[in-house]
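What follows is each chain in one-letter form.
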Amino acid sequence: AAYAASSPARCEDAENVLKVMESEGLELELVDYNSVLAAYANASDVNPQQMLDLLNILQKKGLEPDNVTYSSVIKALANCQPARPEDAEVFIEEMVSKGLTPDAITFGCLISAYSNTEPPRGDLAENVLHRMEKACVDTVDAGKMTKDLAGCIYGIKNVTPDQYLNTTDFLEAIKEEFARQWKS
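Quick notes on the rules
- Residues numbered from 1 in each chain as written.
- Predicted model: local features only at pLDDT ≥ 70, side-chain atom pairs only at ≥ 80, totals over all residues.
- Heavy atoms only, no water.
- Helix = DSSP H or I, 4+ residues; strand = E, 2+ residues; numbered from the N terminus.
- Buried < 20%, exposed > 50% of the residue type's maximum accessible area, 1.4 Å probe, protein only.
- Contact = heavy atoms within 4.5 Å.
- Areas by Shrake-Rupley, 256 points an atom, 1.4 Å probe, with all protein chains shown as cover.
- Lys, Arg positive; Asp, Glu negative; His and termini not counted.
- Charge placed at Lys NZ, Arg CZ, Asp CG, Glu CD.
- Polar contact = N/O pair within 3.5 Å; in protein donor to acceptor, adjacent residues only side chain to side chain.
- Core = buried A, V, L, I, M, F, W, Y, C linked by side-chain atoms within 4.5 Å.
- Axes fitted to C-alpha atoms, helices over the stretch in contact; angles between N-to-C directions.
- Parallel < 35°, antiparallel > 145°, perpendicular 65-115°, else oblique.
- Nonpolar A, V, L, I, M, F, W, Y, C, P; charged D, E, K, R; others polar.
- Patch = residues over 30% accessible without salt bridge, like charges linked within 9 Å, V, L, I, M, F, W, Y side chains within 5 Å.
- Salt bridge = Lys/Arg side-chain N within 4 Å of Asp/Glu carboxyl O.

Draft legend 1. The overall build of the protein, seen in detail. Within the protein, the regular secondary structure consists of 10 helices and 0 strands. Secondary structure elements of the protein occur, N-terminal to C-terminal, as α-α-α-α-α-α-α-α-α-α. C-alpha atoms of the protein, sized along the principal axes, occupy 65 × 45 × 30 Å. Looking at the protein as a whole, 39% of its 184 residues are labelled buried. Taking the contacts inside the protein whose residues are at least 6 apart along the sequence as the reference set, 60% of them involve residues at least 24 apart. Accessible area of the protein: about 10,300 Å², with a carbon and sulfur share of 53%. Across the protein, the mean location of the 16 positive side-chain charges is 4 Å away from that of the 30 negative side-chain charges.

Next comes the structure, spelled out in structure tokens:
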């Protein structure tokens, strides 16, 4: 993880740590691969093919990518030269097809990919932001909201527990709505 967090990230050193761990007979876990993918995501000279090769290796070993995996991959695609927003979109679609729900970090990375491409695609980045906003509004319109918002709508003294969600459930409802909208 230290190689991933260093500035600039040291991808080769991080991958070498994986090789040493394997040579010592340690069974690598998803978190180990995610640390190296984070190094690629934070590198100033991202080599997307090396990063994609590593992703393929972890999948061949039977490990299932999670949100951290995909967000790192998408961030790396946003930071490579040239940025590859179309590939980033494919990974978001893959996430959704595997039942994972992209989150604000994932979509922030996609927005960066659109912004970093030449020429920048602010229109597509803005589209993602509008879709995120729409998911929030649609979630509230469906009656799923936090207590403070329910208080604004119904009057704080009139709010009953069936009219609101705790923050975690509310954020999960927004994520689900965004994933639903992303599929359509």
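Draft legend 2. The arrangement of the environment of Lys 75 in detail. Position of Lys 75 relative to the elements: it lies in helix α5 (residues 67–79). The class of Lys 75 is partly exposed, set by a relative accessible area of 31%. For the pair formed by Lys 75 and Ser 112, sequence separation is 37 residues and the distance between their alpha carbons is 7.6 Å. The residues contacting Lys 75, other than those within four sequence positions of it, are Ala 41, Asn 42 and Cys 109. Side-chain polar atoms of Lys 75 contact the side chain of Asn 42, separated by 2.7 Å.

Draft legend 3. Spotlight on the nonpolar core. The biggest cluster of nonpolar side chains holds 41 residues, and the ones touching the most others in it are Met 51, Val 73, Phe 91 and Leu 110. If you list the elements that add at least two residues to this core, you get α2 (11–23), α3 (30–42), α4 (48–60), α5, α6 (85–97), α7 (104–116), α8 (122–141) and α10 (167–183). In terms of residues, this core owes the most to one element, α3, which gives 7 residues. When near neighbours in sequence (up to four residues on either side) are disregarded, Phe 91 contacts Leu 52, Leu 55, Tyr 70, Val 73, Ile 74 and Leu 77. Core analysis: the next-biggest nonpolar cluster, separate from the first, contains 6 residues, Met 145, Ala 150, Val 159 and Phe 170 among them.

Draft legend 4. View of the environment of Glu 93. Within the secondary structure, Glu 93 is located in helix α6. For the pair Glu 93 and Lys 183, spaced 90 residues apart in sequence, the C-alpha separation works out to 7.6 Å.

Draft legend 5. Fine view of unusual backbone geometry. Of note, the amide linkage connecting Gln 81 to Pro 82 takes the cis form, showing an omega dihedral of -5°. Tracing the chain through its elements places Pro 82 in the loop between α5 and α6. At the junction of Glu 118 and Pro 119, the peptide bond is cis and its omega measures out at -10° in the coordinates.

Draft legend 6. Structural view of the packing of α3 against α4. At a minimum axis separation of 10 Å, α3 and α4 run at an interaxial angle of 170°. The pairing of α3 with α4 is recorded here as roughly antiparallel in orientation. When α3 is examined against α4, the residues Leu 30, Tyr 33, Val 36, Leu 37 and Tyr 40 are found in contact with a partner set consisting of Gln 50, Met 51, Leu 54, Ile 57 and Leu 58. Residues of the contact of α3 with α4, tallied by class, amount to 9 nonpolar, 1 polar and no charged.

Draft legend 7. Region of the structure containing a nonpolar patch on the surface. A surface patch of nonpolar side chains, about 250 Å² in accessible area, is lined by Leu 149, Ile 153 and Tyr 154. Tracing the sequence through the fold places Tyr 154 in helix α9 (residues 147–154).

Everything listed here is a matter of coordinates, which is why it stays silent on function.
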